[in-house]
Amino acid sequence: MKHPCLDCGACCAAFRVAFYWTEAQPENPLGVPAEMVATTRPNILAMLGTDGPDIRCVALKGKIGEQVYCSIYSQRPSPCHDLKASYENGEISPQCDRAREKHGLAPLTPDVWLGIVEKI
Ligand code: SF4
Ligand code: SF4
């Protein structure tokens, strides 16, 4: 079965994704590509596309609610690692639920995870 995040993507188009500059290139050669970030405050960067009114991260590819992927998955910053899908680890995730609601998607339920063996 498909991981529910792969046909969602709502949280990549719902919140400002901000992190310390040390998570991005060139400071971290394996980090977020420099051309995908903006400086918002001293020492704080944000994913381009997430720091304005019409939020959609520049790294998100595909159509929200249908089929999506993160084009820098292995290089994504810490807020993206930290945001968990609801019930993926057995607990509700208010951020996940809020993001999905913003995009007209129902919250995930525990049974969504039945049969999904691979975490992303
Ligand atoms: S964490 Fe939640 S909002 Fe984000 S992509 Fe996964 S299901 Fe969608
Ligand atoms: S970097 Fe990837 S996981 Fe993070 S908000 Fe952008 S598209 Fe989503």
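To be clear, the structure that these remarks concern was listed above.
Bear in mind the structure is a predicted one, so any value in this text is a computation, not a measurement.

(A) Up close: the site of ligand 2. The environment of ligand 2 is formed by Cys 12, Val 17, Met 47, Cys 57, Ala 59, Leu 60, Cys 70, Ile 72, Pro 77 and Cys 80. Here the residues of the shell around ligand 2 are counted per class, giving ten nonpolar, no polar and no charged.

(B) Structural detail: unusual backbone geometry. For the bond from Gln 25 to Pro 26, the omega torsion is 5°, close enough to zero to count as cis. Residue position: Pro 26 is located in the loop between strand 1 (18-20) and strand 2 (37-41). Backbone geometry places Asn 43, a non-glycine residue, at a positive phi of 75°. Along the chain, Asn 43 turns up in the loop between strand 2 and strand 3 (44-47).

(C) A look at the site of ligand 1. What surrounds ligand 1 is the set Cys 5, Cys 8, Gly 9, Ala 10, Cys 11, Leu 83, Ala 85, Cys 96, Arg 100 and Leu 108. Across the shell around ligand 1, the residue classes tally to eight nonpolar, one polar and one charged.

(D) Broad picture of the environment of Met 47. Among the secondary structure elements, Met 47 is positioned in strand 3. Here the alpha-carbon distance between Met 47 and Val 17, two residues 30 residues apart in the chain, equals 5.6 Å. Setting aside residues no more than four positions away along its own chain, Met 47 makes contact with Val 17, Phe 19, Val 32, Met 36, Val 37, Cys 57, Val 58, Ala 59, Ile 72 and Pro 77.

The rules we used
- Residues numbered from 1 in each chain as written.
- Chains lettered and ligands numbered in written order.
- Predicted model: local features only at pLDDT ≥ 70, side-chain atom pairs only at ≥ 80, totals over all residues.
- Heavy atoms only, no water.
- Near = heavy atom within 4 Å.
- Nonpolar A, V, L, I, M, F, W, Y, C, P; charged D, E, K, R; others polar.
- Helix = DSSP H or I, 4+ residues; strand = E, 2+ residues; numbered from the N terminus.
- Contact = heavy atoms within 4.5 Å.

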